[in-house]
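# Per-entry structural report
The primary structure of each chain is shown beneath.
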Amino acid sequence: MATEKTMGKPNQQVFSDTLLDLAQNDKDILVVTSDSRGSGKLVAFGETLPEQIVEVGIAEQNLVGLSSGLAAGGKKVFAVSPACFVTIRSLEQVKNDVAYSDRPVCVVGISAGVSYGLLGSTHHAIHDYAVLRCINNIDILAPADNFETEQVLRALVEHPRPAYIRLGKQAMPNLHDPATAIFEIGKAIQVRPGTDLTIISIGEPTPHAVDAADLLAKEGISCRVISMHTLRPFDRDALMDAALNTRAIITVEEHSVNGGLGELCASTLMQEGIQIPFKIVGFPDEYTINGDQETMFKHYGISGEGLAETARKLLGVRI
Amino acid sequence: MNAHELRLKSIAYRKTILEIIHRGGAGHTAGSLSCVDILNVLYNHIMNITPENFNKINRDHYIQSKGHSVEALYTVLADQGFYSRDELLEGLNQNYSKFIGHPTRKVPGIEHNTGALGHGLSVSVGLALAGKLNGYTYRVFTLLGDGELAEGSSWEASMSAAHYKLDNLVVIVDRNTLQITGRTEEVNGLEPLADKFTAFGYAVRQIDGNNVEALADLLGTVPFEVGKPSLLLANTVKGKGVSYMEDQKAWHHKVPTDEQLATALAELDAARLELEGIR
Ligand SMILES: Cc1ncc(C[n+]2csc(CCOP(=O)(O)OP(=O)(O)O)c2C)c(N)n1
Ligand SMILES: [Mg+2]
């Protein structure tokens, strides 16, 4: 049952701590940055392992193309840059030089989603799931908490392959007990059991989904919460189980409602012939409001109360 | 505006930049201080851009490619009467406000949405080319960071600018030799920068980019050569005007504390008194 959530670190801090730990024992691990080591929390990495960091300056296309070449030369490469730039500015390099050419580069998008808040749309990455979903041969991962972040990274170092990891800037609450939780790329984790409805969440909205489940529990509504940390390979079974064993599905993502987790779930269900009350929560197809991440989340219903209200409406419950 | 008035303006602008960043709790402090003398001279001495003619096409145009130094631009636009200083002071970096951390066209006086580096030059080239195609007399001014020059698009745009002989285009590089990680020459070497720009077809000039008098004189002579785009390498100091911020990479995106703000404002007031000869 609902254990008190403890506060962790920003996922990008966990990423850099874990990578430093791994790289100290593996000379082939390289970090490539584009004037982004500060925001990527990689200053300590650069000072400790100066031979294992490559700087290219403010040149994100070069960052990804060069990383592909380093991978071709036998290196295990992590190309780290703000998600907003590395998934759009460098998209052709990601498509051709990483995915299509099948080079095991891990593209790491930092300060992802709307982490950059009031820096505005140029700095938001709410398109990345959509564009990458249309490109074959690259895993898409967005860990929700520190545990998932560390596990994703360890798995990718063990089995390097084309991958994209999306990481946010804020400290994240811990969602899992590292002693008992099991992490596998492509296998969703159930954070809360439930029978009335399911919230399927990816990335930083996941703690809000848990909050919603807690609120709903007080009203006698049993809400399952699934952390869908991997968008590709997609855990179809977790979705189907939710569709068959609960009465409604809400998806939530720090992304446009177009082309992300929600539409992936919707099209999967539809092609299985399943009809179920269903709602995609994310950023609508319009100029978003100006605000910090918290304000934007709240405004667009990515909050415990917002998701609980969506759930009540979907189930036809009045309080 | 004469040199003395321009110097006083620069001091007033620096104070506003620091005040709005302090109040808003975020901002690209040092980069705004490094380029504000350039913006001062452009808006008060060189360009014919006013709130009254802003909706017309045949007036000068300014596109700030290094969008992160938006606080300098907001400050100068407030002084030009596009909105009030109070509105800016209260609005910068607030939820639901239009004064966000990069330029957007929702703010009066702003010509183009920037913030992702390496876009402004291409757009400026297009605007300058449209001017030629339409037979307009306007000029297009654009400001780039030096770290920003690593973006390949800057060099693609430069080739177009020379190819179309855009002598109505003035490119100014804020050469403060710093970017986030450190010195440009250590991060991704740019030198010999003037030679590179010359080879790409610009008429190149170099100047102390924090000297308003020199800037006013030189920018008054554009185009530097007929038939070529003009490029001004403005040698500046990042954080200029506040002793403890000058040439310090740490101030790229840092907000002064109450105490630091007070020290900075006192320094700037002292500089003003000295200028006014009232000491
Ligand atoms: C395409 C892109 N990549 C990265 C950034 C993040 N960023 C903002 S400012 C900056 C450093 C800019 O350095 P420089 O161009 O020298 O500007 P200045 O020193 O004048 O502040 C970086 C990397 C960005 N805004 N856009
Ligand atoms: Mg610079």
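Residues numbered from 1 in each chain as written. Chains lettered and ligands numbered in written order. Predicted model: local features only at pLDDT ≥ 70, side-chain atom pairs only at ≥ 80, totals over all residues. Heavy atoms only, no water.

Turning to the overall build of chain A, a few remarks are in order. For chain A, the count of helices and strands is twelve helices and 14 strands. Across its three principal axes, chain A shows a C-alpha extent of roughly 60 × 35 × 35 Å. Within chain A, the fraction of its 319 residues that count as buried is 61%. Of the contacts formed within chain A by residues at least 6 apart in sequence, a portion of 77% connects residues at least 24 apart. If you average the places of the 27 positive and of the 39 negative side-chain charges in chain A, the two averages end up 2 Å apart. (Helix = DSSP H or I, 4+ residues; strand = E, 2+ residues; numbered from the N terminus. Buried < 20%, exposed > 50% of the residue type's maximum accessible area, 1.4 Å probe, protein only. Contact = heavy atoms within 4.5 Å. Lys, Arg positive; Asp, Glu negative; His and termini not counted. Charge placed at Lys NZ, Arg CZ, Asp CG, Glu CD.)

Turning next to the side chain of B:N93. If you trace the backbone, B:N93 turns up in the loop between α4 (85-91) and α5 (120-134). For B:N93, the contacting residues outside a window of four places in its chain are A:L118, B:G24, B:G25, B:A26 and B:F99.

On to the packing of aromatic side chains. Any pair of aromatic rings gets described here by the distance separating the centres and the angle formed by the planes. Counted according to the given criterion, the structure contains eleven aromatic pairs over all chains. Ring centres of B:Y74 and B:F99 lie 5.2 Å apart, and the angle between their planes is 90°; on these two criteria the pair is classed as edge-to-face. Note that B:Y74 is positioned in helix α3 (residues 70-79) and B:F99 in the loop between α4 and α5, a separation of 25 residues in sequence. A cation sits over an aromatic face here: B:K106 above A:Y287, 4.1 Å from the ring centre. Taking the ring centre of B:W251 as reference, the NZ or CZ of B:K254 above it sits at 4.7 Å. (Phe/Tyr/Trp six-rings, centres within 6.5 Å; stacked < 30°, edge-to-face > 60°. Lys NZ or Arg CZ within 6 Å of the ring centre and 35° of its normal.)

With that out of the way, let us pick up the layout of surface pockets. The volume enclosed by the second largest pocket comes to roughly 510 Å³. Every residue lining the second largest pocket is counted, 27 residues in all, and those nearest its centre are A:S121, A:Y287, B:I100, B:T104 and B:N113. Of the residues in the lining of the second largest pocket, the class split is eight nonpolar, 16 polar and three charged. Taken domain by domain, the lining of the second largest pocket gets at least three of its residues from each of domain 1 (7-173) and domain 2 (189-315) of chain A. (1 Å grid on protein atoms, 1.4 Å probe; cavity = no way out; pocket = protein on both sides within 12 Å on 5 of 7 lines; lining within 4 Å. Points joined across faces, edges and corners; volume = space filled by probe spheres on them. Nonpolar A, V, L, I, M, F, W, Y, C, P; charged D, E, K, R; others polar. Domains from an automatic or database assignment.)

In the vicinity of ligand 1, 24 residues are found, and the nearest of them are A:E60, B:H68, B:G115, B:D146 and B:K238. Surrounding ligand 1 is a set of residues that belongs to chains A and B. Here an oxygen atom of ligand 1 sits 2.7 Å away from a polar atom, N or O, in the side chain of B:H68. In this structure, an oxygen atom belonging to ligand 1 sits 2.6 Å away from a side-chain N or O atom of B:D146. Look at ligand 1: alone it shows 590 Å² of surface, and the protein chains cover 96% of it. Among the residues forming the shell around ligand 1, the class breakdown is six nonpolar, nine polar and nine charged. (Near = heavy atom within 4 Å. Polar contact = N/O pair within 3.5 Å; in protein donor to acceptor, adjacent residues only side chain to side chain. Areas by Shrake-Rupley, 256 points an atom, 1.4 Å probe, with all protein chains shown as cover.)

Here we take up the sheet that holds strand β6 (residues 139-141) of chain A. All names here are of chain A. If you walk across this open sheet you meet the seven strands as β3-β2-β4-β5-β7-β6-β12, and the pairing is mixed. At either end of the open sheet lies a strand with only one pairing partner, and these are β3 (53-55) and β12 (230-232). Here the strands of the sheet are splayed against their neighbours by 20° on average, with no regard to which way each runs. Both β6 and β12 contribute to a ladder of two bridges, which runs antiparallel. Residue I140 lies in a different strand from β12, and its bridge partner there is R232. Here helix α1 (residues 11-23) sits on the sheet and contacts β2 (29-33), β4 (76-82) and β5 (105-110); the angle it forms with β2, its principal contact strand, is near 140°. (Pairing = 2+ DSSP bridges. Axes fitted to C-alpha atoms, helices over the stretch in contact; angles between N-to-C directions.)

Interface size is commonly expressed as the accessible surface area that is lost when the partners come together. All names here are of chain A. Here chain A is partitioned into domain 1 (7-173) and domain 2 (189-315). Each of domain 1 and domain 2 was reduced to a C-alpha centroid, and the two centroids are 26 Å apart. On the domain 2 side, the residues contacting the 35 residues of domain 1 number 29 residues. Here domain 1 packs against domain 2, burying approximately 2,300 Å² in sum over the two surfaces, 58% of which is carbon and sulfur. Counting across the interface, domain 1 meets domain 2 through one salt bridge. (Buried area = accessible area lost by both parts, 1.4 Å probe. Salt bridge = Lys/Arg side-chain N within 4 Å of Asp/Glu carboxyl O.)

So, on to the interface of chain B and chain A. At the junction of the two partners, chain B supplies 27 residues and chain A supplies 23 residues. Regarding the contact of chain B and chain A, the summed buried area is about 2,000 Å², with carbon and sulfur atoms giving 51% of it. Per-residue buried area on chain B facing chain A is highest for B:N95, B:Y96 and B:E151; these three make up 27% of the total on that side. Taking the shortest distance from any N to any O, the salt bridge between B:E151 and A:R89 comes out at 3.2 Å. Across the contact surface, chain B and chain A share 15 residue pairs in polar contact (both at pLDDT 80 or more).

Residue and element names in this part refer to chain B. Among the seven residues of strand β3 (residues 169-175), seven are classified as buried, and the element is accordingly described as predominantly covered. Here β3 shows two buried faces, one formed by L169, V171, V173 and R175 and the other by V170, I172 and D174. On the question of chirality, the crossover connecting strand β2 (residues 140-145) to the parallel β3 by way of helix α6 (residues 152-163) is right-handed. Alignment of β3 against strand β5 (residues 230-235), held across six bridges, turns out to be parallel. Its bridge partner lying in β5, V170 is registered against S230. (Right-handed = clockwise from strand over helix to strand, strands pointing away.)

The next thing to look at is the coordination of the magnesium ion (ligand 2). Tetrahedral coordination by four donors puts the ideal angle at the metal at 109.5 degrees, and octahedral coordination by six puts it at 90 or 180 degrees. Residue and element names in this part refer to chain B. Donor atoms from the polypeptide that bind the magnesium ion (ligand 2) are D146 (OD), N176 (OD1) and L178 (O), placed at 2.1 Å. In terms of primary sequence, the donors binding the magnesium ion (ligand 2) are separated according to D-x29-N-x1-L. With D146 in the loop between β2 and α6 and L178 in the loop between β3 and α7 (184-187), the pair connects residues that are 32 residues apart, well separated along the chain. Under the relative-accessibility criterion, D146 is labelled buried at 2%. (Donors = N, O, S within 2.8 Å, 3.2 Å for Na, K, Ca; no water.)

Moving on to the side chain of A:S36. By the secondary structure assignment, A:S36 is in the loop between β2 and α2 (43-48). According to the relative accessible area criterion, A:S36 is buried, its value standing at 1%. Setting aside its immediate chain neighbours within four residues, A:S36 contacts A:V80, A:S81, A:P82, A:I110 and B:T181.

With that settled, consider the pairing of β5(A). Every other side chain in a regular strand lies on the same face of the sheet, so the side chains alternate between the two faces. Residue and element names in this part refer to chain A. Of all six residues in β5, six are buried; the element is thus mostly enclosed. Bridge count for β5 against strand β7 (residues 163-166) is four bridges, and the pairing is parallel. Within β7, the position partnered with G109 by the bridge is R166.

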